[in-house]
Amino acid sequence: AQSVTQPDIHITVSEGASLELRCNYSYGATPYLFWYVQSPGQGLQLLLKYFSGDTLVQGIKGFEAEFKRSQSSFNLRKPSVHWSDAAEYFCAVGNGNKLVFGAGTILRVKS
Amino acid sequence: NAGVTQTPKFRILKIGQSMTLQCAQDMNHNYMYWYRQDPGMGLKLIYYSVGAGITDKGEVPNGYNVSRSTTEDFPLRLELAAPSQTSVYFCASRSGRAQSQETQYFGPGTRLLVL
């Protein structure tokens, strides 16, 4: 069965510091992988996605993620966090029809 | 281009009442989805549709019904509201016409409180 694990429920980083949000997945075939961001009271916005090819994927707002098949991971990174990045982040894996979401990681940014 | 729209934004229901959550998309997408989001649980798929007249159950369909009479609309029906249905409901859609169109686009959500 497909599953997604986001080990960190909450993460707090200082503004300007680097960020890495972890995502591990379980999937029986080549996965489609996604990172979404949800600001308070808003819907989900796609940050980036991986289907195939280059394992380092660039997204919007300066985010990137690296697909590591050997580790079944798709971690999200940003070199320098801004206060506006405070939100909840969801990793998801799909099979072309349905998405399975992780439980989310809440990012807090301190000044 | 409005994308995915949902109404209402917020609703309070009494136990046993019924209501329909509306979802519409103007992107001519074939696939539409309903999710519920509970704290610490991520999003769970309730129902989905691959085109007008075709729907199927997701992970947590009990207590809900859907229909898809047009490409644009995908309403979610709660027949007998229960406190366990207190949640935030998201509708999403995707084209489905090509692998590159796998991205799901989400509406702003409907917050439902059942008392």
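Structure's up top.
The sections below set out a description of the structure shown in this document.

Rules used throughout
Residues numbered from 1 in each chain as written. Chains lettered and ligands numbered in written order. Predicted model: local features only at pLDDT ≥ 70, side-chain atom pairs only at ≥ 80, totals over all residues. Heavy atoms only, no water. Helix = DSSP H or I, 4+ residues; strand = E, 2+ residues; numbered from the N terminus. Rg over C-alpha atoms; globule rule 2.2 N^0.38 Å. Buried < 20%, exposed > 50% of the residue type's maximum accessible area, 1.4 Å probe, protein only. Contact = heavy atoms within 4.5 Å. Areas by Shrake-Rupley, 256 points an atom, 1.4 Å probe, with all protein chains shown as cover. Lys, Arg positive; Asp, Glu negative; His and termini not counted. Charge placed at Lys NZ, Arg CZ, Asp CG, Glu CD. Salt bridge = Lys/Arg side-chain N within 4 Å of Asp/Glu carboxyl O. Phe/Tyr/Trp six-rings, centres within 6.5 Å; stacked < 30°, edge-to-face > 60°. Lys NZ or Arg CZ within 6 Å of the ring centre and 35° of its normal. Pairing = 2+ DSSP bridges. Patch = residues over 30% accessible without salt bridge, like charges linked within 9 Å, V, L, I, M, F, W, Y side chains within 5 Å.

On a plain count of helices and strands, chain A comes out with zero helices and twelve strands. Moving toward the C terminus, one meets the helices and strands of chain A in the order β-β-β-β-β-β-β-β-β-β-β-β. By the compact-globule yardstick of 13 Å for 111 residues, chain A fits well, its C-alpha radius of gyration being 13 Å. Projected onto the principal axes, the alpha-carbon positions of chain A cover approximately 40 × 30 × 20 Å. Burial statistics for chain A: of 111 residues in total, 46% are counted as buried. A sequence separation of at least 24 residues applies to 53% of the contacts in chain A between residues at least 6 apart. Accessible surface, chain A as shown: approximately 5200 Å² in total, 47% of it carbon and sulfur. Both charge centroids of chain A, one from 10 positive and one from 8 negative side chains, sit 5 Å from each other.

On to the pattern of salt bridges, then. When charged atoms on two side chains of opposite charge get close, those side chains can pair. All names here are of chain A. Under the definition given, this model contains seven salt bridges over all chains. For Asp 85, the salt bridge is made with Lys 78, and the minimal N-O distance between the two is 2.8 Å. Per residue, the accessibility class of Asp 85 equals that of Lys 78, and both read buried. Where salt bridges share partners, they join Glu 64, Glu 66 and Arg 77 into one cluster.

Counted by the stated rule, this structure contains 15 aromatic pairs over all chains. Taking 6.0 Å as the distance between ring centres and 50 degrees as the angle between the ring planes, the aromatic pair formed by Tyr36(A) and Phe101(A) counts as tilted. You can see Tyr36(A) sitting in strand E5 (residues 32-38) and its partner Phe101(A) sitting in strand E11 (residues 99-101), a full 65 residues away along the chain. Residue Tyr36(A) shares its accessibility class with Phe101(A), and that shared class is buried. Feature note: the residues Tyr32(A), Phe34(A), Tyr36(A), Phe51(A), Phe101(A), Tyr33(B), Tyr35(B), Tyr48(B) and Phe106(B) constitute an aromatic cluster, connected by ring pairs. For Arg94(B), the ring lying beneath its charged end belongs to Tyr31(B), and the centroid distance is 4.0 Å.

Residues and elements named next belong to chain A. Where strand E7 (residues 56-58) meets strand E8 (residues 64-68), three bridges bridge the pair, whose relative direction is antiparallel. Residue Val 57 lies in a different strand from E8, and its bridge partner there is Ala 65. Hairpin connection between E7 and E8: a loop of five residues separates the two successive antiparallel strands, and Lys 61 in this loop has a positive phi of roughly 60 degrees. Where E8 lies against strand E9 (residues 73-78), five bridges are found, and the strand directions are antiparallel. Note on E9: the bridge partner recorded for Glu 66 is Asn 75.

All names here are of chain B. A surface patch of nonpolar side chains, amounting to about 320 Å² of accessible area, comprises Phe 10, Ile 12 and Leu 115. Within the fold, Leu 115 resides in the segment after strand E11 (110-114). Using a relative accessible area of 57% as the deciding quantity, one classes Leu 115 as exposed.

As a further point, take the pairing of strand E5 (residues 42-51) of chain B. Residues and elements named next belong to chain B. Judged by how many residues are buried, E5 sits mostly within the fold: eight of ten residues are covered. By the bridge criterion, seven bridges tie strand E4 (residues 31-38) to E5 in an arrangement that is antiparallel. Bridging across to E5, Tyr 33 finds its partner in Tyr 48. As consecutive antiparallel partners, E4 and E5 are separated by three residues, and within that stretch Gly 40 has a phi angle of approximately 75 degrees, a positive value. Across four bridges, the pairing between E5 and strand E6 (residues 54-57) is antiparallel. Residue pairing for E6: Tyr 48 is matched across the bridge by Asp 56. As consecutive antiparallel partners, E5 and E6 are separated by two residues, and within that stretch Gly 53 has a phi angle of approximately 85 degrees, a positive value.

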